[in-house]
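Overview (structure and organization)
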Amino acid sequence: MAEKAKSGPRCVALVGPYLSGKTTLMEQLLFTSGAINRRGSVREGNTVGDHSVEARARQMSTELSTTSTEYLGESWTILDCPGSIELAHEAQTAVLAADVAVVVA
Ligand SMILES: Nc1nc2c(ncn2[C@@H]2O[C@H](COP(=O)(O)OP(=O)(O)OP(=O)(O)O)[C@@H](O)[C@H]2O)c(=O)[nH]1
Ligand SMILES: [Mg+2]
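1. A closer look at the coordination of the magnesium ion (ligand 2)
Six octahedral donors around a metal ideally sit at 90 or 180 degrees from one another, while four tetrahedral donors ideally sit at 109.5 degrees. The protein atoms that coordinate the magnesium ion (ligand 2) are Thr23 (OG1) and Ser61 (OG), at distances of 2.0 to 2.1 Å. On the criterion of sequence distance, the pair formed by Thr23 in helix α1 (residues 22-32) and Ser61 in the loop between α2 (53-58) and β2 (65-71) is long-range, its members being 38 residues apart. The exposure class assigned to Thr23 is buried, which follows from its relative accessible area of 8%.

So, in structure tokens, the structure goes:
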């Protein structure tokens, strides 16, 4: 049987309302795909997505966060967008670059 051809790198934007779970979902995706070996939490302030001092202090995403991982031999870039309405421009920029957007609600 012919092997499935590998695709080029893919980019997914995680978008959705404030505190809907986007950063937590990205942490799980990174953990499940093996990019990190310990799953952090927003409350403990040790997620990959909310890495900035301000994000950790506020327990919310305060800027776009970019990570990458591999899954089934394919390369994925994940864009974790802040949900706060004041930061909507960050998500709008991300979806222009992404192949697909996942709406977390
Ligand atoms: N019970 C439960 N809590 C969750 C789940 N996902 C996230 N949370 C909690 O909800 C809160 C917000 O989660 P985040 O992952 O920061 O949500 P977010 O969409 O990234 O938030 P912003 O980037 O600030 O918009 C945190 O306290 C999480 O622990 C879930 O699936 N179940
Ligand atoms: Mg977030």
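Once you've had a look at it, read on.
2. Observations concerning a nonpolar patch on the surface
Together, Leu25, Leu29 and Val102 give the surface a local cluster of nonpolar side chains, amounting to about 180 Å² of exposed area. Residue placement: Leu25 occurs in helix α1.

3. Quick notes on the site of ligand 1
Around ligand 1 sit 14 residues in total, of which Gly21, Lys22, Thr23, Thr24 and Ser61 are the nearest. Between Gly21 and ligand 1, the recorded distance is 2.9 Å, taken from a backbone N or O atom to an oxygen atom. Interatomic distance of 2.9 Å between a side-chain N/O atom of Ser61 and an oxygen atom of ligand 1. In isolation ligand 1 has 650 Å² of accessible area, and contact with the protein removes 66% of it.

4. What to know about the nonpolar core
By size, the foremost hydrophobic cluster in this structure holds eight residues: Cys11, Ala13, Val15, Leu79, Cys81, Ala91, Ala94 and Ala98. No other element matches the three residues that strand β1 (residues 10-15) contributes to this core. Apart from the residues lying within four places of it in its own chain, the contact partners of Cys11 are Thr77, Leu79, Ala97, Ala98, Asp99 and Val100. Residues Leu14, Leu30, Ile36 and Ile78 belong to the second largest nonpolar core, which totals six residues.

5. Examining the pattern of salt bridges
A complete count under the given rule lists three salt bridges for this structure. The salt bridge partner of Glu74 is Arg10, with a shortest N-O separation of 2.8 Å. Separated by 64 residues along the polypeptide, Glu74 in strand β3 (residues 74-80) and Arg10 in strand β1 bring together distant segments of the chain. We classify Glu74 as buried; its relative accessible area is 8%. Look at Arg10 and you get partly exposed, because its relative accessible area is 29%.

Conventions and cut-offs
- Residues numbered from 1 in each chain as written.
- Chains lettered and ligands numbered in written order.
- Predicted model: local features only at pLDDT ≥ 70, side-chain atom pairs only at ≥ 80, totals over all residues.
- Heavy atoms only, no water.
- Donors = N, O, S within 2.8 Å, 3.2 Å for Na, K, Ca; no water.
- Helix = DSSP H or I, 4+ residues; strand = E, 2+ residues; numbered from the N terminus.
- Buried < 20%, exposed > 50% of the residue type's maximum accessible area, 1.4 Å probe, protein only.
- Patch = residues over 30% accessible without salt bridge, like charges linked within 9 Å, V, L, I, M, F, W, Y side chains within 5 Å.
- Areas by Shrake-Rupley, 256 points an atom, 1.4 Å probe, with all protein chains shown as cover.
- Salt bridge = Lys/Arg side-chain N within 4 Å of Asp/Glu carboxyl O.
- Near = heavy atom within 4 Å.
- Polar contact = N/O pair within 3.5 Å; in protein donor to acceptor, adjacent residues only side chain to side chain.
- Core = buried A, V, L, I, M, F, W, Y, C linked by side-chain atoms within 4.5 Å.
- Contact = heavy atoms within 4.5 Å.

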